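Structural overview for review
The primary structure of each chain is shown beneath.
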Amino acid sequence: SRGKDDKPQLQDVPAGKRVKQQTDVDDVFKALASLDFDDVTRDANGIAWTGTYACELKNHLTYQLAIGKKLDRQYLKVKAVGPSDEDIDKARTVPVDPKDEAARKRQSEVLMAAQTAQIFNAGADGWYYPLSEYKAKNFSRPLADLVEAIPPATKPATAPAVTAPPPKK
């Protein structure tokens, strides 16, 4: 996702870990953001599905990408996930003050996202997309390659004790 500073941010980093290199996270995010396909197949025989990515957009849609491998080629299958059924029901049934522009916009976005996910999935169901080698590199990075253990805090060197000179007589 994008953080408050609009930079790509890795989600669900395990406790005690941190991102190794921001540029690696940027590369994975760019691969998701500029995803395109040169080829498509309906033949999933022999594809071993090994991982997933989820890319949550601001418009209440999440795209789930399953990553698989067959021989030396990687494949994706893509599914759109819209708002929860509870959010959809709420958007359809809970009245919104006509003067509350933000609430009306959110209600509209939720309903549009639900429709977009349904239409997308109807068209994408059963299709598998071979990835170029370059894109596959970014989609096949395990979490362990993106994070590292946070080093223990180092204690600052303690200053030598200062003793007062003996009083003058």
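Here is a short report on the structure shown in this document. (Residues numbered from 1 in each chain as written. Predicted model: local features only at pLDDT ≥ 70, side-chain atom pairs only at ≥ 80, totals over all residues. Heavy atoms only, no water.)

**As for unusual backbone geometry**
It is generally the case that most residues other than glycine have a negative phi and that most peptide bonds are trans. Heads up, the rule is: Helix numbering and strand numbering both begin at the N terminus, where a helix is a DSSP run of H or I of at least 4 residues and a strand a DSSP run of E of at least 2. Residue exposure (1.4 Å probe, protein chains only): buried if accessible area is under 20% of the type maximum, exposed if over 50%, otherwise partly exposed.
Its identity is not glycine, yet Asp 6 carries a phi of approximately 70°, on the positive side. Residue placement: Asp 6 occurs in the segment before β1 (17-19). Positive phi values are uncommon outside glycine, yet His 60 reaches one of about 75°. The partly exposed category is assigned to His 60, whose relative accessible area is 25%.

**A closer look at the layout of surface pockets**
The criterion, for reference: With a 1 Å grid spanning the protein atoms alone, the term cavity applies to any set of points in which a 1.4 Å probe fits but cannot get out, the term pocket to an open set with protein on both sides within 12 Å along at least five of seven lines, and the term lining residue to any residue with an atom within 4 Å of a point. Grid points are joined across faces, edges and corners, and a volume is the space filled by probe spheres set on the points. Gly is put with the polar residues, along with every residue not named as nonpolar or charged; the nonpolar set is Ala, Val, Leu, Ile, Met, Phe, Trp, Tyr, Cys and Pro, and the charged set is Asp, Glu, Lys and Arg.
Taken as a whole, the largest pocket holds about 640 Å³ of empty space. Leu 10, Val 28, Thr 52, Tyr 53 and Ala 54 are, among the 27 residues lining the largest pocket, the residues nearest its centre. Elements supplying a minimum of two residues to the lining of the largest pocket: α1 (22-33), β2 (48-56), β3 (62-70) and α5 (143-146). Looking at the lining of the largest pocket, the element that brings in the most residues is β2, giving seven residues. In this structure, the second largest pocket occupies an estimated 340 Å³ of space. Forming the walls of the second largest pocket are 13 residues, and the residues nearest its centre are Phe 29, Cys 55, Glu 56, Leu 57 and Lys 58. Among the elements of the structure, α1, β2 and β3 are those that each provide at least two residues to the lining of the second largest pocket. Top contributing element to the lining of the second largest pocket by residue count: α1, with three residues. In terms of residue class, the lining of the second largest pocket is made up of nine nonpolar, one polar and three charged.

**Some points on the packing of aromatic side chains**
Stated formally: Each pair of aromatic rings taken from Phe, Tyr and Trp, with Trp reduced to its six-membered ring, is defined by centres within 6.5 Å and is described as stacked if the planes are under 30 degrees apart, edge-to-face if over 60, and tilted in the remaining cases.
As enumerated under the stated definition, the model contains three aromatic pairs in all. Ring geometry for Phe 37 and Tyr 129: centres 4.1 Å apart, planes at 25°, overall stacked. Here Phe 37 is found in the loop between α1 and β2, whereas its partner Tyr 129 is found in strand β5 (residues 129-130), with 92 residues between them in sequence. Classification of Phe 37 by relative accessible area gives partly exposed; the value is 31%. Overall, the relative accessible area of 13% leaves Tyr 129 in the buried class. Seen in terms of ring centroids, Tyr 63 and Phe 120 are 5.2 Å apart; in terms of plane orientation they differ by 75°. Their pairing is edge-to-face. Here Tyr 63, found in strand β3, pairs with Phe 120, found in helix α3 (residues 101-124); they are 57 residues apart in sequence, far enough to count as distant. Of the residues examined, Phe 120 reaches a relative accessible area of 29% and is grouped as partly exposed.

**Some words on the sheet that holds β2**
Counted only if it meets this: Whether two strands pair comes down to DSSP finding at least two bridges between them. In this description, contact between two residues means that some pair of their heavy atoms is separated by no more than 4.5 Å. Only the contacting stretch of a helix is used when fitting its axis, a line to C-alpha atoms as for every element, and angles between N-to-C directions run 0 to 180 degrees.
Ordered in space as β2-β3-β4-β5, the four strands form an open sheet in which the pairing is antiparallel. Edge positions in the open sheet fall to β2 and β5, since each of these has one partner strand only. Across nine bridges, β3 lies against strand β4 (residues 73-81) in antiparallel orientation. In the strand pairing of β4, Lys 69 is matched with Gln 74. Against the sheet, α3 contacts β3, β4 and β5, and its axis sits at roughly 145° relative to β4.

**Brief notes about the pattern of salt bridges**
The condition that has to hold: A side-chain nitrogen of Lys or Arg and a carboxyl oxygen of Asp or Glu constitute a salt bridge if their distance falls within 4 Å.
Considering all chains together, one arrives at four salt bridges under this definition. The salt bridge partner of Arg 18 is Glu 148, with a shortest N-O separation of 3.0 Å. Of this pair, Arg 18 sits in strand β1 while Glu 148 sits in strand β6 (residues 147-149), placing them 130 residues apart in sequence. Classification of Arg 18 as partly exposed rests on a relative accessible area of 38%. You can call Glu 148 partly exposed: its relative accessible area is 25%.

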